[in-house]
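# Fold and geometry: a report
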Amino acid sequence: MLGTGWWIGALLGCTKDEPAKPDPDAFPEGFAWGTATAGFQVEMGCPTWPEAECTDPASDWYQWVTDPAIVADGGLFVTGEPVTAGPGMWETFEDDVAIMTADHHSTFRMSIEWSRIFPDAAAESATTIEELDALAVPSAVARYHEMLAALRAAGIQPLVTVNHYVLPRWVHDGAACHVDLATCGADGWVNGDRMLPLITLWAGWVAREYGDEVDLWMTLNEPYATTVSGYLLPSEDRSGPPGRSMDTEATVAVMVHQLEGHARMYDAIKAEDPGSTVGIVMNMVDIAPTDPANEADVRAAEHMDYLYHRLYLDAMTTGAWDDDLDGVADRTRDDLAGRLDVLGVNYYNGVTTLGLPFPLDPAVPTFDFFPEFSWEPNEEGLRRVLGIAAEYDVPIWITENGTPYVEDQGVEILDHHLLALHQAIADDGVDVRGYLYWSFVDNYEWNHGLDLKFGLYALDPDTKARLPRAAADRFRAYAASNKLLHD
Ligand code: BGC
């Protein structure tokens, strides 16, 4: 028999049982879980498909890791590992989606590779999307449709990067530009007059072709990484085409053209895929002065934060523009403003800054620091970085987080960073929509080849089988429960 409490409860609109209290460990309802990849890093190395059907030799990065002169140049730190050592997702994608499904992915980050679809220079003659379309490689176009269809059939939302560093070689000849930027012809991001129309047309083509299958786009990946590894300080950590050192003039030109490129890609995607959400992926770092009592180090930290984060984010949101890069905006650029629906945050490192007595180049007065990066887990750093990202008032995704020491540290990275992420959401009120681990499987880590391993799954070099690491089991448990784990 029901007691009197029941009818009093019913009159008050509730049952005898207390309404469920919100679980303090839960991530928000609908929070997305998944992994992140980039085409160049995961597509090649197919287990059974002939190399000619799997390898994409038409990009600047392919050239960078295979050109004998580049590989032989010890100052460029390119291992020259064959790209066939990669995980071969061009062939295995559907099998990988089955693993993602079992691992409770709701989102997967991938890129669509410009050089696969438009491998030759003929594409430069196109001035409209229709003209460009006539030059696309049909098998590559179709394969990306199959990949997106596989994700959607599994209920996994694709988050697509339109350009994850890699350019077709006809757009950028990194080996020639390494030798002489003035005469290399295909000079990529340095030359805005040529590059901007090309990448805008590419973005418009991608959005028209795949817009029905993709709702969440990122224009560029880590613009700052392109400048540092390509024009400023190619190093063992990252050396990319064209591998020029301390070329500040080119660095500044590339920074500006990437910002302008983002804005024009944003507009092109919106025009072709109205209603979609478009953002950019930034590598955000937790910056601290090497010696907090040293004034120059403190100023250095402020300047690095400015050049790394705020210069870009201010321009993309308010259009604030600092012509002389002295840290103070000089004007508002409407052609850059209001181009950020969502912000992708790649978070890996803390960094300490050593202040220099003078700027490395008088043309960039705020460039007066030397950064030292660390791979130590730094969960408080993630919280601080999210605090900066939140100032820009758009939804945030963690589009990458991980470690090259995944075998030993993967579980710790997940536990520590997810705790910090949860605190940022629950305690600081930051609007983070999803967490994508870098990466699904060991991949071709740019100049390092397979020397650095980031995968939740290890790659068997012979069979290309995906072998779960402890971090894969941990990730699955998080994604399945959508809450913090305490065991
Ligand atoms: C890039 C990835 C890279 C990862 C790990 C990020 O800089 O977006 O392509 O593999 O970091 O180094």
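Keep in mind the model is a prediction, meaning the values are calculated, not measured.

Rules and cut-offs
Residues numbered from 1 in each chain as written. Predicted model: local features only at pLDDT ≥ 70, side-chain atom pairs only at ≥ 80, totals over all residues. Heavy atoms only, no water. 1 Å grid on protein atoms, 1.4 Å probe; cavity = no way out; pocket = protein on both sides within 12 Å on 5 of 7 lines; lining within 4 Å. Points joined across faces, edges and corners; volume = space filled by probe spheres on them. Helix = DSSP H or I, 4+ residues; strand = E, 2+ residues; numbered from the N terminus. Nonpolar A, V, L, I, M, F, W, Y, C, P; charged D, E, K, R; others polar. Expected span 1.5 Å × (residues − 1). Buried < 20%, exposed > 50% of the residue type's maximum accessible area, 1.4 Å probe, protein only. Arc of directions from axis to C-beta. Contact = heavy atoms within 4.5 Å. Salt bridge = Lys/Arg side-chain N within 4 Å of Asp/Glu carboxyl O.

Here the structure, examined in full by the defined rule, presents five cavities of 30 Å³ or more. Within this model, the largest cavity holds a volume of roughly 110 Å³. In this structure, the largest cavity is lined by 14 residues; those nearest its centre are W61, Y165, T226, S229 and P241. Counting residues per element, the ones that place at least two in the lining of the largest cavity are α4 (60-66) and α12 (223-232). No other element matches α12, which puts four residues into the lining of the largest cavity. For the lining of the largest cavity, the residue count by class is seven nonpolar, five polar and two charged. Size it by volume and the second largest cavity reaches roughly 70 Å³. If you go around the second largest cavity, the residues you meet are Y224, T227, L232, T248, T251, V252, M255, L307, V364 and F367. Elements that contribute at least two residues to the lining of the second largest cavity include exactly α12 and α13 (248-272). At four residues, the largest contribution of residues to the lining of the second largest cavity is made by α13.

Another aspect to go through is helix α17 (residues 470-481). A rise of 1.5 Å per residue sets the reference length of α17, with its 12 residues, at 16 Å; its end C-alpha atoms lie 17 Å apart and thus fit the reference within 8%. Among all positions in α17, only A471, A472, R474, F475, Y478 and A479 are buried. Looking down the long axis of α17, one finds its buried residues gathered within 165° of arc, a one-sided arrangement. Those residues of α17 hidden inside the fold are in contact with β1 (32-36), α16 (406-426), β11 (432-437), β12 (457-459) and β13 (466-468). The positive-phi residue at the C-terminal boundary of α17 is N482, with phi of around 55°.

Another aspect to go through is the pattern of salt bridges. Taken as a whole, this structure holds 28 salt bridges when the rule is applied. Close ionic contact of R476 with D103 constitutes a salt bridge, the shortest N to O distance being 2.7 Å. Of this pair, R476 sits in helix α17 while D103 sits in the loop between α6 (89-102) and β2 (107-111); the two residues are 373 residues apart in sequence, bridging distant segments of the chain. A relative accessible area of 2% means that D103 is categorised as buried.

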